[in-house]
Amino acid sequence: MKMADTVAAGLAEGKETEPEGKEKDNLADDAHTRTEKASSIPETLGFYERKTVNKERKRNLSDLSLLRFISTELTRGYFLEHNEAKYTERRERVYTCMRIPKELEKLMLFGFFLCLDAFLYVFTLLPMRVILALIRLLTLPCCGLNGSRLLQPAQVCDVLKGFIMVICYFMMHYVDYSMMYHLIRGQSVIKLYIIYNMLEVADRLFSSFGQDILDALYWTATEPKEKKRAHIGVIPHFFMAVFYVFLHAILILVQATTLNVAFNSHNKSLLTIMMSNNFVEIKGSVFKKFEKNNLFQMSNSDIKERFTNYVLLLIVCLRNMEQFSWNPDHLWVLFPDVCMVIASEITVDIVKHAFITKFNDITADVYSEYRTSLAFELVSSRQKNAYTDYSDSVSRRMGFIPLPLAVLLTRVVTSSVKVQGSLAFICVLLFYLGLITLKVLNSIVLLGKSCSYVKEAKMEEKLFQNPSTSAPGKPTSKTNNVFHPPTAGASQDSSESVTSQPVQQSNISTPTLPKSNSDQFLTTPDGEEQDITQDRSELKHRASKKDLLEIDRFTICGNRID
């Protein structure tokens, strides 16, 4: 009974559990169906979205037409102010190139009159100074010898210059100009072009070494006798100077003769080639790196070259006018060629300096600094204790040596112009007085302009600065190069020190003459002043490899580049 009841109860429970299992299965199927439907909706939406994107792409591709591209190119814009610094720098470069001709010609004009003043000095004041020195030498037995010297150092230098000019002038009489002219004219155009280029290079080499020869002669003749003799003697130095001046004068004569042949050629081909040679100079200098002091040396060389070319053109005109019996009509025949040579020279200088300043980021104001430096040298040469003559200062700075050029011009003028009769002598005397007047007027104007330039640059204090007395070979501290304001006594004597004569100090065993600070002014473009003489002595005594690596900081002129 009990077992039957248990089985019946089990069957009843099984019947009750079956509907519950079916209900669970049905609920699971409904959930799966809903899940499938839910998952199918996003797929349906993604399909429509992809369809819309494809339609938009097709519409955009259809819009990429040539007309739309052209309209886009015509209407698109950009903003320059996003790179304002770059475009401002480019505009300043353009303005600098526009200012270069004006600033450069100001420097060239000032330098031209400096060379003219030194050149006229040889013809006007130098003969008078030589005569005064000879009179003093002849009157010494009557007046008695007051000091230890027969003549002052400046008078000794003047007498030496006068003797050199007279000897070289008579030596030039043995040079046949006509034979030289026909010898050069018989050469081909290419040979003459090569010869002219070689003469230009030789002229620069002669100028650089010639001033050293003359300075050695002046110092040997005026060196104090108390010092130990370390030279070969005054007479060998004198003959070396005479030989140099004579050779340099012949060199310039060959240059003038070649230029004269170019002027007189029928097709002017040689003149054209010689003018094109100036444009080759642009190629050789524009694409090089230049600092301020290198550019200053180039500017001085251009000033000297321009002045020398003017004198050469004057010699050519004199020789041609002599051949045509001083016919004024022939002068107008030469005038276009002369203007063409001068114009080509000026154009080449402007283009060369404009691109050099552009490529090296140098402002046009640097030429006013160069002019101020030349003015400072002129004013310092008029000081009470000047250590050099003004003409020698110009020669050292610009490489312009007036003695050979003066000897040649004197020889050409005396051979071209025949002086006969008393009226001709009166004309020569009036012409000489006119040269003296021109020299004095030019010197006064130059001195006044130089003083104004020095005042504008605020460099008056350097004129009264005491020279530094440091041991050679040891570097000086920067505190020694700081310029102190002048004292009251120095400011009171400023007007007298410009024109007064140098006074020899006998109570000082080692004379300390003031040095010109113009080198410090122009060779330190960043405003720092350094002692160049001591830098040279340092360079001479350097031996280690580390120190030899610093040699590339020096130029061929010995100026330091910072």
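Just so it is clear, the model here is predicted, and its values are computed rather than measured.

S.K.: Can you tell me about the packing of aromatic side chains, naming the residues and giving the values?
M.R.: Per the counting criterion, the structure on display carries 15 aromatic pairs. With 5.2 Å between their ring centres and 80° between their planes, phenylalanine 307 and phenylalanine 400 make a pair best called edge-to-face. Here the residue phenylalanine 307 occupies a position in helix α11 (residues 292-323), and phenylalanine 400 occupies one in the loop between α14 (390-398) and α15 (402-416), the gap between them amounting to 93 residues. Here phenylalanine 307 matches phenylalanine 400 in class, with each residue buried. Aromatic rings pair up to connect Phe112, Phe113, Phe119, Phe123, Phe307, Tyr310 and Phe400 into one cluster.

S.K.: Kindly report on the environment of lysine 288, identifying the contributing residues and their values.
M.R.: Looking at the element boundaries, lysine 288 is found in the loop between α10 (269-286) and α11. In sequence terms lysine 288 and isoleucine 356 are 68 residues apart; their C-alpha atoms lie 8.0 Å from each other.

S.K.: Got a sec to walk through α10? Specific residues and values, please.
M.R.: End to end, α10 covers 26 Å across 18 residues, agreeing with the expected 26 Å (1.5 Å per residue, within 8%). Within the span of α10, buried status applies to Leu270, Leu271, Met274, Met275, Asn277, Asn278, Ile282, Ser285 and Val286. Those residues of α10 hidden inside the fold are in contact with α8 (189-222), α9 (234-264), α11 and α12 (328-359).

S.K.: Break down the nonpolar core for me, citing the residues and quoting the values.
M.R.: Counting 104 residues, the largest nonpolar core has Ile164 and Phe263 as its most contacted members. The element that contributes the greatest number of residues to this core is α9, accounting for 16 residues. What phenylalanine 263 contacts, discounting residues up to four positions off in sequence, is Lys268, Leu271, Leu313, Val316, Leu334, Asp337, Val338 and Val341.

S.K.: Help me get a handle on unusual backbone geometry, residues and values and all.
M.R.: In this structure, serine 325 is a non-glycine residue whose phi angle is positive, near 55°. We note that tryptophan 326 has phi near 55°; this positive angle belongs to a residue other than glycine. Here tryptophan 326 lies in the loop between α11 and α12.

S.K.: Help me get a handle on the UniProt feature "transmembrane region" (unreviewed entry) in the protein, residues and values and all.
M.R.: The UniProt record marks residues 107-124, 159-175 and 238-263 with the feature "transmembrane region" (unreviewed entry), using the residue numbering of this structure. With 94% helix and 0% strand, residues 107-124 has end C-alpha atoms that lie 25 Å from one another. Strand forms 0% of residues 159-175 and helix 76%; the C-alpha atoms that close the span are 25 Å apart.

Rules used in this analysis
Residues numbered from 1 in each chain as written. Predicted model: local features only at pLDDT ≥ 70, side-chain atom pairs only at ≥ 80, totals over all residues. Heavy atoms only, no water. Phe/Tyr/Trp six-rings, centres within 6.5 Å; stacked < 30°, edge-to-face > 60°. Helix = DSSP H or I, 4+ residues; strand = E, 2+ residues; numbered from the N terminus. Buried < 20%, exposed > 50% of the residue type's maximum accessible area, 1.4 Å probe, protein only. Expected span 1.5 Å × (residues − 1). Contact = heavy atoms within 4.5 Å. Core = buried A, V, L, I, M, F, W, Y, C linked by side-chain atoms within 4.5 Å. UniProt positions renumbered as here; feature names shortened; annotations may be inferred.

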